[in-house]
Amino acid sequence: MTTASASLGRPSPRVDTAGVVAVGAFSLFSAALDVYAGNVLQRIDPMLLMFLCFTSAWAVFTARELLRRSRFVAIALERPSDVLALNLTTAVTWVGLFYALKYVEPALVNGISVAIGPICTILLGRYLRRQSRVLQIEWCCAAGIFVTVLLLSWSSIARAPVSGSRTLLGLVSGVASGVFAAGSLIYSKRLAERGLSASAIMSVRFLLLIGVTFALSRTAIGGALVRLDVMIPALSLSIIGIVFPLYLLQVGIQRLEPVSVALIVTAAPILTFLLQMFDDRIAFSVTSLALIVLITLLVSTSVVARYKMERSPQ
């Protein structure tokens, strides 16, 4: 969720403590979302939960833009193809994430998303951001991450003999979420370059997702609105997992170099693993921890290499 100036390549402010704390808090909230959502999804239908969460989040961001008298709709309509692509990639990203969290332990879902993201960003960048340069070490790290994800997936399936098909569905959903998340990032940057703020982008990116989830859960919405055991988790997820974390991320992006933001965010799988230890449904797995640490190290290596390349004299 970069600002327009960051997307256009202007220098970012120096690294400061507030920025590090903000992005670190974003990673923590993201990890908390995965663990909490994984628990809630055991008793609430994913489509219904997504409709309630994203409708409330959309209302918050839209209200903010209206109070600011922003021309966010007019600006967004200047790039209808990007808005449509952003809606499509966003919908697949979140549907995949919620179904992955329903069937697979949260740390694995988070690890897969972190692993798939850089690979897809590199590949998509060759077509959507042709001016970007890919380092050899980034390709090596991407290959290592891919192999690690295969091992991570095999470990998850092996530990779920009773429901192997559902675990496989969860893993596929997690991969799809990571792939389309990379696409949504690129399209959100394009809109940022047109002058849309982070909250304005949030106001136009959930429309397709809300429409799809409404169509698939409309018969249950009326009853859910009067049930506290449904509304409280949904609103909590909306604030904890969507509204507040994205604000923290934006603060971090304004104060840190983008590469620093990316490096701190890679701590999310480890935080997820630690948080899910408080979930009685999930048994501790040394294998999962080792593979998640390996993924984080590989991603961090590629980010550090990019940082050194950009700081070296041209």
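None of these values were measured; they are calculated from a predicted model. For every chain, the first residue of its written sequence is number 1, and the numbers climb from 1 along that sequence. Only residues with pLDDT of at least 70 are given local features in this predicted model, and only at 80 or more are side-chain atom pairs given and counted; all residues enter the totals for whole chains, interfaces and linings. Based on all heavy atoms of the structure, the side-chain values leave hydrogens and waters out of the count.

## Topic: the overall build of the protein chain
Secondary structure counts use DSSP, requiring at least four H or I residues in a row for a helix and at least two E residues in a row for a strand, with both numbered from the N terminus. The helix and strand inventory of the protein chain stands at 14 helices and 0 strands. Its helices and strands taken in sequence order, the protein chain reads α-α-α-α-α-α-α-α-α-α-α-α-α-α from the N to the C terminus. Using a 1.4 Å probe on the protein chains alone, a residue whose accessible area is under 20% of its type maximum counts as buried, one over 50% counts as exposed, and one in between counts as partly exposed. When burial is assessed residue by residue, the protein chain has 49% of its 314 residues classed as buried. Between two residues, a contact is recorded if the distance between any of their heavy atoms is within 4.5 Å. Long-range pairs, those at least 24 residues apart, make up 88% of the contacts in the protein chain between residues at least 6 apart in sequence. Shrake-Rupley sampling with a 1.4 Å probe provides the accessible areas, and residues are treated as covered by the protein chains on show and by no other component. Surface summary for the protein chain: the accessible area is close to 15,100 Å², and the carbon and sulfur share equals 68%.

## Quick look at helix 10 (residues 207–224)
Between the first and last residue of a helix there are one fewer steps than residues, each counted as 1.5 Å, and that sum is the expected span. Here helix 10 spans only 21 Å end to end across 18 residues, well under the 26 Å set by a 1.5 Å rise per residue. The sharpest bend along helix 10 comes to roughly 80°, located at Ser-217. Those residues of helix 10 that fall on the buried side of the exposure criterion are Leu-209, Ile-210, Thr-213, Ser-217, Ile-221 and Ala-224. Fitting axes to the seven residues ending at a residue and to the seven starting there, one defines the bend at that residue as the angle between these axes.

## Details of the pattern of salt bridges
A pairing counts as a salt bridge when a side-chain nitrogen of Lys or Arg comes within 4 Å of a carboxyl oxygen of Asp or Glu. In total, this model carries 3 salt bridges according to the counting rule given. Among the ionic pairs, Glu-65 bridges to Arg-64, the shortest N-O distance being 3.6 Å. When its relative accessible area of 0% is taken as the criterion, Glu-65 is described as buried. Taken together, the shared-partner salt bridges connect Arg-64, Glu-65 and Arg-68 into one network.

## Quick word on the nonpolar core
If you look at the biggest cluster of nonpolar residues, it comprises 55 residues, and the most contacted ones within it are Leu-49, Leu-52, Phe-54, Trp-94, Leu-196 and Ile-242. A per-element tally of this core places helix 3 (residues 46–67) first, with 10 residues. We call a set of buried Ala, Val, Leu, Ile, Met, Phe, Trp, Tyr and Cys residues a nonpolar core when their side-chain atoms join them within 4.5 Å. Of all hydrophobic cores here, the second largest spans 7 residues; its members include Ala-115, Ile-119, Ile-295 and Val-299.

## With respect to the environment of Leu-235
Along the polypeptide, Leu-235 turns up in helix 11 (residues 228–255). Separated by 179 residues in the primary sequence, Leu-235 and Ser-56 place their C-alpha atoms 7.2 Å from one another.

## What about the packing of aromatic side chains?
Only rings of Phe, Tyr and Trp enter the pairing, Trp through its six-membered ring, and a pair is recorded when the two centres are within 6.5 Å. The plane angle decides the type: under 30 degrees is stacked, over 60 is edge-to-face, the rest tilted. With the rule as written, the count across this model stands at 5 aromatic pairs. Seen in terms of ring centroids, Phe-54 and Phe-98 are 6.4 Å apart; in terms of plane orientation they differ by 50°. Their pairing is tilted. Note that Phe-54 is positioned in helix 3 and Phe-98 in helix 5 (residues 80–103), a separation of 44 residues in sequence. Take Phe-54 and Phe-98: they sit in the same class, and that class is buried.

## Comments concerning the side chain of Arg-205
For Arg-205, the position within the fold is in helix 9 (residues 198–205). When charges are counted, Lys and Arg contribute as positive and Asp and Glu as negative, whereas His and the chain ends are disregarded. Asp-82 provides the closest opposite charge to the buried, unpaired Arg-205, separated from it by 13 Å. Think of a polar contact as two N or O atoms within 3.5 Å of one another; within protein, one of them needs to be a possible hydrogen donor and the other a possible acceptor, and neighboring residues in sequence only count if both atoms come from side chains. Of the polar contacts made by the side chain of Arg-205, one reaches the side chain of Ser-184; its length is 3.5 Å.

## Regarding the environment of Thr-121
Mapped onto the fold, Thr-121 is located in helix 6 (residues 106–128). Residues Thr-121 and Gly-183, spaced 62 residues apart in sequence, show a C-alpha to C-alpha distance of 7.5 Å.

## Some points on unusual backbone geometry
Phi at Arg-69 takes a positive value of approximately 55°, unusual for a residue other than glycine. Mapped onto the elements, Arg-69 comes out in the loop between helix 3 and helix 4 (72–76).

## Here's the deal with the packing of helix 3 against helix 10
An axis is simply a line fitted to the C-alpha atoms; with a helix, the fit covers only the stretch in contact. Between two such axes, the angle follows the N-to-C directions and lies from 0 to 180 degrees. It is at 7 Å that the axes of helix 3 and helix 10 come closest, and there the two elements cross at 115°. The way helix 3 lies across helix 10 gives a crossing that is left-handed. Contacts between helix 3 and helix 10 involve Met-47, Leu-48, Met-50, Phe-51, Leu-52, Phe-54, Thr-55 and Trp-58 from the first element and Leu-207, Leu-209, Ile-210, Thr-213, Phe-214, Leu-216, Ser-217, Ala-220, Ile-221 and Ala-224 from the second. Of the residues belonging to the contact of helix 3 with helix 10, the class tally is 15 nonpolar, 3 polar and no charged. Helix crossings are classified by the rotation of the near helix relative to the far one: an anticlockwise turn of less than a right angle makes the crossing left-handed, while a clockwise turn makes it right-handed. Three classes are used: nonpolar for Ala, Val, Leu, Ile, Met, Phe, Trp, Tyr, Cys and Pro, charged for Asp, Glu, Lys and Arg, and polar for all others, with Gly counted as polar.

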